[in-house]
Amino acid sequence: MLPLAQKIAFLVFAGITGGLGAWGFYRLYRRIARGRADADLRWDRVWVRVWYALTTTLLQTRTFKKRPWISFFHSFIFYGFTFYILVNFVDAVEGYLPVSISSGSWVGAAYNLAADVLSLLVLVGVVALVVRRFLLPSKRDFRFNERTMLHEDVGRRYISRDSLIVSAFILFHVGSRAVGAGAKLAIEGRDRFQPFASLLSHAFTPANAEAWRFFGYWGALGSVLLFLMYFPYTKHVHLFMASTKYLVAREASSGVLPALDVNLETEEPKLGAKRLEDLGWPRLLDAYACIQCNRCQDVCPASATGKSLSPAAFEINKRMELNSLARAGVVFEKGGESPRPLLQFALSAEAAWACTTCGACMEVCPTQNEQMLDIIDIRRQQVMMEGEFPAQLQTAFRGMERASNPWGIGHEKRLEWADGLVVPTIEENPEPDVLYWVGCAASYDPQSQKTARAFVQLLTRAKVNFAVLGKKECCTGDTARRAGNEYLYRQLADQNVATLTTVRPKLIVATCPHCMNTIGKEYRQIGGDFKVVHHTEYLESLVADGRLEVEATESSVTYHDPCYLGRHSGVYDAPRNVLKVLTNDFVELERKRENSFCCGAGGAQFWKEEEAGDERISDNRYREAEGRLAGHNEEKVLAVGCPFCKSMLESTPGKGEGGIAVKDVAELMLESVLRRAGEIVAQSSAESRGLAAAVEASVEVVARAKEPVFESTVEPVANAAAVAEMPEAAAPVVARKKWTPKAAVSATESEALIDVGVQEQKIEPEVNTVAATETRGGQVPAVVRKKWTPKVSGTSTEPIASTPQIAETAAVEAVPEVAADVSSGPELGDTAASAPARKKWEPKKSVKPPDSRE
């Protein structure tokens, strides 16, 4: 117990420091509250949120997701400080009342043992992390590349100074308490339940033990009170802010962007974020919840490839600016405008456009920060309010505005990917069990068309009752929304929601994860509630039900998790389960599942130049696959489940000529099904690259020899007599003209194609007769769609400027004839190997970042 004078002095000291600390925390609250109201619910289901915050905080589950050893040492500090809340309270009481917790009872023994052991562990943890941060090679984890914009306070080494102050405080606080406990045992006798304090007791004598005991009291509790004044400005505040962030965590998946009310008729519309106060308040909270671990920077594909974007620097810059505003007074906290736009201190305009919206930063963040959503808000401001964005995006915007697709190709050509196949539209089959959402990529991109064609052939063989929207389908708006053009997104989304509401599909299956995410999740924000699954999930069910029989190959196959299928939608197992029955040598990549590395196409990157950096994102990912498959079987395949991933990885310059084959899961399954049916034979390595052409030829012959039958009342029709017998409710489904890749095929394949062409000539007049004479119940019967004949420049459809990313989509494999339509859409290059280096995008108002680096 303290002497009376010390009791009075300590009370005065506690009153002053505690008051100043409380004022600091109140000002912190006011700064966070300056953020705008958030579009997502943050206080619903309170007890569920409280339970989640408690369990996540106490179990440290998110911290242990990465860096297990570092997290292990960090847990020493966390659990020590958590328990020290009780320890400090007990010690404070013992200073004023003649009470003491004895180890004579099991409760007292447990308390003394926990306090003693945790004191030692905290000291060990702090020393270990300080050594790592400042002395070991891992200190590079806390540095940024020269392209990254950093706040001027970072340039003044504020991060290092703050880390040293926090570390010194912890060492002094816990060390003082340990000294006081040791001095106490030197007076009262050693305690076997306090081994660390008993060891320290040897350093004291009965003459000086009482003085050291008082020192321990003031050192431990006084340092806490003194630190309260600095606490709201330091990184150590994450001890409370992280738990608060768990409490108000966003429940929507990272693939669902916050809703935005696009009202352009107000005098000063707020569309996006220009300044700190334009960000949602939970994302100002992020700045103080951040523990500055730089894990988000480690997994960011832009940062990993040397570009200017660093999600970690972005959050740190936000905190530095908020603290700077606090030091300048209370103007900002009382409603004043912050003096600088975000693009002048938080991140550069170039960095804002380098984000691929892969969600890796949000997935890995121990405190569930929402860096990606901040960047989207900045893009919204730049696009809809400032009109400043990479010029190449104008091509995609114009295409979506005029042709309902970012390629800018005429909407009337949307179904030409199905030439030669039996693909019923919703008019021809009004009540399908499955509505196949084709998507813009599969409709217009030659590489993606292979996926769509393979998938519908699998549906046909499985006798699935399906249909497509055909020309009623338009772009989901994913590209526009990720690029910040929310207004254009709403135009496209409203149109699709109206169409789908009219159609009322039982199940939508999409081969594009971006379409799947937008339709299945984001359309709910505007009233569209549809059940959507990925085609790998549906194929998995077809194989499990025995509706598709496959034959495994000996090829070595690895799988790339698309960001919008994996992290954003949580689909990891279905594509793997399919691939494991298609090959006897399935190999996992090192960065897989939720830790997968982006291909570089998301966030509208597919439609623009990649920002300056050390390498392309797609090169980084392809190199990983190449290294992982090295030493395996001669036949190597990189399987994907996204058309954009396929285009990026197939056309990446690092791939060059040949290399690993990049194929969609649907393509691999079709090959397996045909192999099992004896319709194609496994080929040698030298011939394997022509397999796609062989599959097309085989399927064409089989399709003509044996028309598929759906498990519904709608059947394919090949002549007028059959049409006359069909019920009034359904329009006839007619085989479309043959789709033929331009690449050369073998003589045998050519003969097969010629035979099919002869059959087409025999069938076509009959079908045209039907088309000219039959119209039932207001529904127009399907006709044979003409072969896609590209237009040249000067046609009625305005040519769209060449898009750099699409210029690299040229296939090493056979390129379909649709690739020739370059004058009315983005230009397709010759080979990926010859793709030119991308130019660095220069924003109109560039801000030079500070030269100093932490």
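Now for a quick tour of the structure.

Rules used throughout
- Residues numbered from 1 in each chain as written.
- Predicted model: local features only at pLDDT ≥ 70, side-chain atom pairs only at ≥ 80, totals over all residues.
- Heavy atoms only, no water.
- Helix = DSSP H or I, 4+ residues; strand = E, 2+ residues; numbered from the N terminus.
- Contact = heavy atoms within 4.5 Å.
- Areas by Shrake-Rupley, 256 points an atom, 1.4 Å probe, with all protein chains shown as cover.
- Buried < 20%, exposed > 50% of the residue type's maximum accessible area, 1.4 Å probe, protein only.
- Salt bridge = Lys/Arg side-chain N within 4 Å of Asp/Glu carboxyl O.
- Pairing = 2+ DSSP bridges.
- Axes fitted to C-alpha atoms, helices over the stretch in contact; angles between N-to-C directions.
- Disulfide = S-S within 2.5 Å.
- Patch = residues over 30% accessible without salt bridge, like charges linked within 9 Å, V, L, I, M, F, W, Y side chains within 5 Å.
- Phe/Tyr/Trp six-rings, centres within 6.5 Å; stacked < 30°, edge-to-face > 60°.
- Lys NZ or Arg CZ within 6 Å of the ring centre and 35° of its normal.
- Core = buried A, V, L, I, M, F, W, Y, C linked by side-chain atoms within 4.5 Å.

**Quick look at the overall build of the protein**
When helices and strands are counted, the protein shows 31 helices and 8 strands. Expressed as a percentage of contacts within the protein between residues at least 6 apart in sequence, the contacts between residues at least 24 apart total 81%. A total of about 33700 Å² of accessible surface is found on the protein, and carbon and sulfur atoms cover 58% of it.

**A short note on unusual backbone geometry**
A positive phi angle is found at K463, which is not glycine, with a value near 55°. For K463, a relative accessible area of 43% corresponds to the partly exposed category. Backbone geometry places R593, a non-glycine residue, at a positive phi of 50°. By secondary structure assignment, the location of R593 is in the loop between β6 (583–587) and α25 (617–629).

**As for the pattern of salt bridges**
Tallied over the full model, the rule gives 51 salt bridges. Between K318 and E315 there is a salt bridge, and its shortest N-O distance comes to 3.1 Å. One end of the pair, K318, and the other, E315, are both in helix α13 (residues 311–327), 3 residues apart, so they sit about a helical turn from each other. Here K318 matches E315 in class, with each residue buried.

**A few points about the sheet that holds strand β1 (residues 434–437)**
As summarised here, the arrangement of the 4 strands in space is β2-β1-β3-β4, forming an open sheet in which the pairing is parallel. Because the sheet does not close on itself, it has two edges, and the strands there are β2 (466–468) and β4 (532–534). Across the sheet, the mean angle separating the axes of adjacent strands is 35° when strand polarity is ignored. Examined bridge by bridge, β1 and β2 share 3 bridges and lie parallel to one another. In the sheet register, V434 faces β2, and the bridge partner there is F466. Of the strands in this sheet, β1, β3 (508–510) and β4 touch helix α23 (residues 535–544), which is tilted by about 80° from β4.

**Considering the state of the cysteines**
Simply put, disulfide is the name for a covalent bond between the sulfur atoms of two cysteines. Evaluated as defined, the whole model comprises 0 disulfides. The closest cysteine sulfur to the non-disulfide-bonded C512 is located on C515, 3.8 Å from its own sulfur.

**A closer look at helix α22 (residues 513–520)**
The element α22 is largely enclosed, with a buried count of 8 among its 8 residues. For α22, the full list of buried residues reads P513, H514, C515, M516, N517, T518, I519 and G520.

**A few points about the environment of R31**
Locating R31 in the fold gives a position in helix α1 (residues 4–33). The buried category is assigned to R31, whose relative accessible area is 0%. Separated by 291 residues in the primary sequence, R31 and L322 have C-alpha atoms spaced 7.2 Å apart. In this view, R31 contacts P232, Y233, L284, Y288, L322, N323, A326, F332 and E333; residues no more than four positions away in its chain are not counted.

**As for a nonpolar patch on the surface**
Together, L4, I8, V12, I16 and L20 line one region of the surface with nonpolar side chains, adding up to about 500 Å² of accessible area. Along the chain, L4 falls in helix α1.

**Here we look at the packing of aromatic side chains**
With the rule as written, the count across this model stands at 29 aromatic pairs. Measuring from ring centre to ring centre gives 6.3 Å for Y26 and Y29, while their planes differ by 40°; the resulting arrangement is tilted. Separated by 3 residues within a single helix, Y26 and Y29 lie in helix α1, roughly one turn from each other. Chaining the aromatic ring pairs together yields one cluster made of F25, F81, F169, F227, Y230, F231 and F240. Across the ring face of F332, the terminal group of R34 is positioned such that the distance to the ring centre comes to 4.7 Å. Just above the ring of F597 sits the side chain of R591; from NZ or CZ to the centre is 4.0 Å.

**Description of the sheet that holds strand β8 (residues 661–664)**
Taken together, 4 strands build an open sheet; the order of strands is β6-β5-β7-β8 and the sheet is parallel. A single partner strand is all that each edge strand has here, and the edge strands are β6 and β8. Sheet twist, expressed as the mean angle between neighbouring strand axes with direction ignored, is 35°. Bridge count between strand β5 (residues 553–559) and β6: 4 bridges; the pairing is parallel.

**Points about the nonpolar core**
One finds W407, W417, Y436, Y538, L579, F644 and M669 to be the most contacted residues of the largest nonpolar core, which totals 106 residues. With sequence-adjacent residues up to four places away left out, L579 is seen in contact with V557, Y559, F586, A639, V665 and L668. Membership of the second largest hydrophobic core comes to 57 residues, among which are A289, L322, C358 and M362.

Just distances and angles here, no functional claims.
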